[in-house]
Amino acid sequence: MFLRSFGRQLLRAPSSSSSFLSANVSRAAARSVSQAAVYRNSLFCGSRALARHHHHHAGCGCSGSASRLTTKRGSTAAGTVASEISAAAAAAGAAAGIPRMQMGAVITKHGSPEEVEFKQIPVPEPGPGEVLVNIKFTGVCHTDLHALHGDWPLPAKMPLVGGHEGAGYVVKVGDGVTDVKLGDRVGIKWMNGSCGKCEYCLSARESLCPHILLSGYSVDGTFQHYAIGKADHVTPIPDNVSLEVAAPIMCAGITVYRALKEAAVQPNQWVVLPGAGGGLGHLAIQYARAMSMRVVAIDSGADKEKLCRDCGADVFIDFRKEADVVAKVKEVTGGGAHGTLVLSTSSKSYQQATEFSRPGSTLVTVSMPPDAQLNADIFWLTVKMLKICGSHVGNRLDSIEALQYVSSGAVKPVYKVQPFSTLPQVYSAMEAGNIAGRIVLDLSL
Ligand SMILES: [Zn+2]
Ligand SMILES: [Zn+2]
């Protein structure tokens, strides 16, 4: 029961809107002044970072310090990585210098983005089998917004430090940890830990473990400078992948990569991606191309089309312009999708997907529209021998492989780096559906 209700609502694809910032953000900025003030008092560069952020998005077109906040598309960054590796080595040598207190983004009750409080909290101590990670960058996922709103049937811990797309250095290891070392660059993902002994863990399906620990939900996550991860579950980050690039892979990347495996589309066959222009979708296109699939991207608007084509989509279908999406998919694929990943938050996309699926193909549910049902015609489901399956994050090997595609340069996440202090505004923008690509928070700002 837990897993069923949980699985239905775990992850939602970022919603579909072209530009990240709108008038909404200045409203959000005004609302978050109190958090900013708290943050500013506690962290030396908070006010400067916020000012820089707003200045950039005011659209004056200036360069200089604002350039960090433009959209990036990156796989590897040799210079950045070299400095990160030496910083990690220094951190490992100075393990005794870990502070007792740190800045964290804490919610003590569910509600709106105003509930996010930046405050000093204790640095946690790694227990047996655990590591302490100095988080440098963290992505923000729609799941974090659900934890804030408290709109899932699964209760979150309270008070809660959210976040589950973290990347940083190991600065302390608990008893019994042998294969993760001080200074290792690692990611903390949604699956923080699992029992290792149940039928699901034993069969490498640990996301189904009944004893699963969830970062930023059932245990504190990555919206803090120092976070705990189980040594068995932190993901090693390849030497040529920078931490800010690795962060969005830790949830969005792993999720779509595993879902593509579930779809079992062969090289040169067609995978169809409703909702292709979002945070999950733009990665799904690139993984699919890297896995030699041909891609039909479905979304709407010129910006989404450009993003999808830049990421390698063979065909783009604008669902607002196309009178009959089902017929169009069947036409361009010569008979229907060999596999489909539904990443859109519209339940209509699920209905259409059952209709444009090729006989014998697999439809994978990834996004979770609220209160949605999937109504498939039983006659055609049977006669066409369709498979419909859910896919929820991935296992440890999926996580490692998802980063290997980034390391090789085949997959380049599109993201914006923003100061840690802007988390409340990111939530507001998510509520308004104003995020394209992924937001990565820089904890040093
Ligand atoms: Zn997530
Ligand atoms: Zn287990």
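These lines cover the structure that appears in this document, whether it is placed above or below. This is a predicted model, so every value here is computed, not measured.

1. Some words on the sheet that holds strand β15 (residues 337-342)
Then comes step 1: Taken together, the 6 strands give an open sheet; going across it, the order is β14-β13-β12-β15-β16-β17, and neighbouring strands pair in parallel fashion. Here the strands that pair on one side only, and so sit at the sheet edges, are β14 (315-318) and β17 (387-390). Each neighbouring strand pair of the sheet contributes to a mean axis angle of 20°, computed without reference to strand direction.
Then comes step 2: Summarising the sheet, strand β16 (residues 357-365) and β17 pair through 4 bridges and their orientation is parallel. Within β17, the residue paired with valine 364 across the bridge is cysteine 389.
Then comes step 3: Sheet strands in contact with helix α12 (residues 347-356) are β12 (270-274), β13 (294-299), β15 and β16, and its direction is about 155° off that of β16.

2. With respect to the coordination of the zinc ion (ligand 2)
Metal coordination angles in their ideal form are 109.5 degrees for the four-donor tetrahedron and 90 or 180 degrees for the six-donor octahedron.
Then comes step 1: Coordination of the zinc ion (ligand 2) by the protein involves Cys195 (SG), Cys198 (SG), Cys201 (SG) and Cys209 (SG), with metal-donor separations of 2.3 to 2.4 Å.
Then comes step 2: Around the zinc ion (ligand 2), the 4 donor atoms are arranged such that angles at the metal cover 105 to 116°; this shape is classified as tetrahedral.
Then comes step 3: Sequence spacing among the residues donating to the zinc ion (ligand 2) works out to C-x2-C-x2-C-x7-C. Of the two residues, cysteine 198 is situated in the loop between β8 (191-193) and α7 (199-202) and cysteine 209 in the loop between α7 and β9 (213-214); the sequence distance between them amounts to 11 residues. Here cysteine 198 matches cysteine 209 in class, with each residue buried.

3. A closer look at the environment of lysine 136
Then comes step 1: Inspection of the secondary structure puts lysine 136 in strand β4 (residues 130-139).
Then comes step 2: When the C-alpha positions of lysine 136 and glutamate 244 are compared, they lie 7.9 Å apart, and in sequence the two are 108 residues distant.
Then comes step 3: Setting aside chain neighbours within four positions, we find lysine 136 in contact with Ala167, Gly168, Tyr169, Leu243, Leu441, Asp442 and Leu443.
Then comes step 4: At a separation of 3.2 Å, a polar atom in the side chain of lysine 136 contacts the side chain of asparagine 134.

Parameters and conventions
Residues numbered from 1 in each chain as written. Chains lettered and ligands numbered in written order. Predicted model: local features only at pLDDT ≥ 70, side-chain atom pairs only at ≥ 80, totals over all residues. Heavy atoms only, no water. Pairing = 2+ DSSP bridges. Helix = DSSP H or I, 4+ residues; strand = E, 2+ residues; numbered from the N terminus. Axes fitted to C-alpha atoms, helices over the stretch in contact; angles between N-to-C directions. Contact = heavy atoms within 4.5 Å. Donors = N, O, S within 2.8 Å, 3.2 Å for Na, K, Ca; no water. Tetrahedral: all angles 85-135°; square planar, octahedral: opposite > 155°, others 65-115°. Buried < 20%, exposed > 50% of the residue type's maximum accessible area, 1.4 Å probe, protein only. Polar contact = N/O pair within 3.5 Å; in protein donor to acceptor, adjacent residues only side chain to side chain.

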